[in-house]
Amino acid sequence: MARVPSLSLTAMPKYVFCGGDVPCPEITPKTLALHVPEPEPPVVQKEQEKKTLSTTVRTTVRFAFNRHDIKPSARKALTDLLQEIRKAESESDGGSRFMVMIDGYTDSIGPNAYNDRLALKRALAVKRYLISAGLPAERVQVGKTVGKCCYVAPNRTKAGRAANRRAEVVSVSVTFD
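Peer 1: Please set out the overall build of the protein residue by residue, giving values where relevant.
Peer 2: Check the secondary structure of the protein and you find four helices and six strands. Each helix (α) and strand (β) of the protein, taken in turn from the N terminus, gives the series β-β-α-β-α-β-α-β-α-β. Taking all 177 residues of the protein together, the buried fraction comes to 29%. For the protein, the proportion of contacts with a sequence separation of at least 24, taken over those separated by at least 6, is 71%. Here the protein displays about 12,100 Å² of accessible surface, and carbon together with sulfur accounts for 56% of that area.

Here you go:
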């Protein structure tokens, strides 16, 4: 037996029991809300175990004034970076892959448009070197390349300007199954 409202347009609804001798009303859009279906058992999906290697490797490559060629000392730093990436990937049983993002910067000397192009050339030079050293091209991206921005040192001194002429290389691991 179910308790359902008996609707009337002139009076307040009254509740009656249906079933047995009293037929239950048809299910309509108005009465549908009264008939709540049994909840279906939850579907249990077995998720694959995912691992994340939380290693981030950073390197800064310095450049000479108005140049975008990579110095021998910077090549050594980039080679060390690649060795660290390969070591971390091998320790993850081959399931981890690093993505490398390269941002290029300049000091404050020169016009904005020129410095923006120079910052891009610096980032692209680092990208080309990493790819030539064996890192797959699809895992190397050029990120932010801005000239007169984001200084790490004041531009008032020669040493400060030298510190700002750089490309920052950040490699971050990717989630894998």
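From this point, the discussion proceeds with the structure in view.
Peer 1: An account of the pattern of salt bridges is needed here, citing residue identities and associated values.
Peer 2: Per the counting criterion, the structure on display carries four salt bridges. Between D69 and R67 there is a salt bridge, with the nearest N and O atoms lying 3.2 Å from each other.

Peer 1: Quick one: what's the story with the environment of K148, residue by residue and with numbers?
Peer 2: Here K148 is to be found in the loop between β5 (140–146) and α4 (158–164). Since its relative accessible area comes to 38%, K148 is described here as partly exposed. Once the C-alpha coordinates of K148 and N115 are considered, the two residues, 33 residues apart in sequence, prove to be 6.7 Å apart. If we skip the residues at most four places from it in the chain, K148 touches T106, D107, S108, G110, P111, N112 and N115. From its side chain, K148 meets the backbone oxygen of S108 in a polar contact 3.4 Å long. In terms of polar contacts, K148 uses its side chain to reach the backbone carbonyl oxygen of G110, at 2.6 Å.

Peer 1: How would you summarise the side chain of T106 if you had to cite specific residues and measurements?
Peer 2: If you trace the backbone, T106 turns up in the loop between β4 (97–105) and α3 (112–132). Beyond its immediate sequence surroundings of up to four residues, T106 is in contact with N115, L118, A119, R122, V146, G147, K148, Y151, N164 and R165.

Peer 1: Before we move on, could you go through the packing of helix α2 (residues 72–91) against α3 and cite the residues and values that matter?
Peer 2: Closest axis-to-axis distance for the α2/α3 pair is 11 Å, and the angle between their directions is 55°. By the angle between their axes, α2 is oblique relative to α3. For α2 against α3, the interelement crossing comes out right-handed. Contacts between α2 and α3 involve R75, L78, T79, L81 and L82 on the former and, on the latter, V126, Y129 and L130. Residues belonging to the contact of α2 with α3 are distributed by class as follows: six nonpolar, one polar and one charged.

Peer 1: Lay out unusual backbone geometry with the relevant residues and their values.
Peer 2: At N66, a position not held by glycine, the phi torsion is positive, near 60°. Within the secondary structure, N66 is located in the loop between β3 (56–62) and α2.

Peer 1: Can you explain the packing of aromatic side chains? Please cite residues and give values.
Peer 2: The full count for this structure, using the stated rule, is zero aromatic pairs. The side chain of R166 reaches across the aromatic face of Y105, ending 4.0 Å from its centre.

Peer 1: An account of the side chain of R122 is requested, with residue identities and associated values reported.
Peer 2: With respect to the helices and strands, the residue R122 is situated in helix α3. For R122, the residues in contact, after removing those within four places along its chain, are F63, A64, N66, R67, H68, Y105, T106, R165, R166 and A167.

Quick notes on the rules
Residue numbers here run from 1 along each chain, matching the order of that chain's written sequence. Reporting in this predicted model follows two pLDDT cut-offs: at least 70 for local features of residues, and 80 or more for side-chain atom pairs to be given and counted; totals over whole chains, interfaces and linings ignore these cut-offs and use all residues. As a rule here, side-chain values cover all heavy atoms of the structure and leave hydrogens and water aside. Every helix listed is a DSSP run of H or I at least four residues long, and every strand listed is a run of E at least two residues long, numbered separately from the N terminus. Only protein chains enter the accessibility calculation, which uses a 1.4 Å probe; a residue whose area is less than 20% of its type maximum is buried, one above 50% is exposed, and one in between is partly exposed. The contact criterion used throughout is that any non-hydrogen atoms of two residues lie within 4.5 Å. Only the protein chains shown count as cover for residues, and the accessible areas themselves come from Shrake-Rupley with a 1.4 Å probe. For salt bridges, the criterion is a side-chain nitrogen of Lys or Arg within 4 Å of an Asp or Glu carboxyl oxygen. Whenever a nitrogen or oxygen atom comes within 3.5 Å of another N or O atom, the pair is scored as a polar contact, on the condition that within protein one atom can donate a hydrogen and the other can accept it, and that pairs from neighbouring residues in sequence are kept only if both atoms are in side chains. Angular values range over 0 to 180 degrees, each being the angle between N-to-C directions of two axes fitted as lines to C-alpha atoms, with helices fitted over their stretch in contact. Angle categories are assigned with fixed cut-offs, so that under 35 degrees is roughly parallel, over 145 is roughly antiparallel, 65 to 115 is roughly perpendicular, and the rest are oblique. By definition, turning the near helix anticlockwise from the far helix through less than a right angle yields a left-handed crossing, and turning it clockwise yields a right-handed one. Only Asp, Glu, Lys and Arg are considered charged in this grouping, and only Ala, Val, Leu, Ile, Met, Phe, Trp, Tyr, Cys and Pro are considered nonpolar; every other residue, Gly among them, is considered polar. Here a pair means two rings of Phe, Tyr or Trp (six-membered ring of Trp) with centres within 6.5 Å. Their orientation is stacked below 30 degrees between planes, edge-to-face above 60, and tilted elsewhere. Charge over a ring is defined by NZ of Lys or CZ of Arg lying within 6 Å of the ring centre and within 35 degrees of the ring normal.

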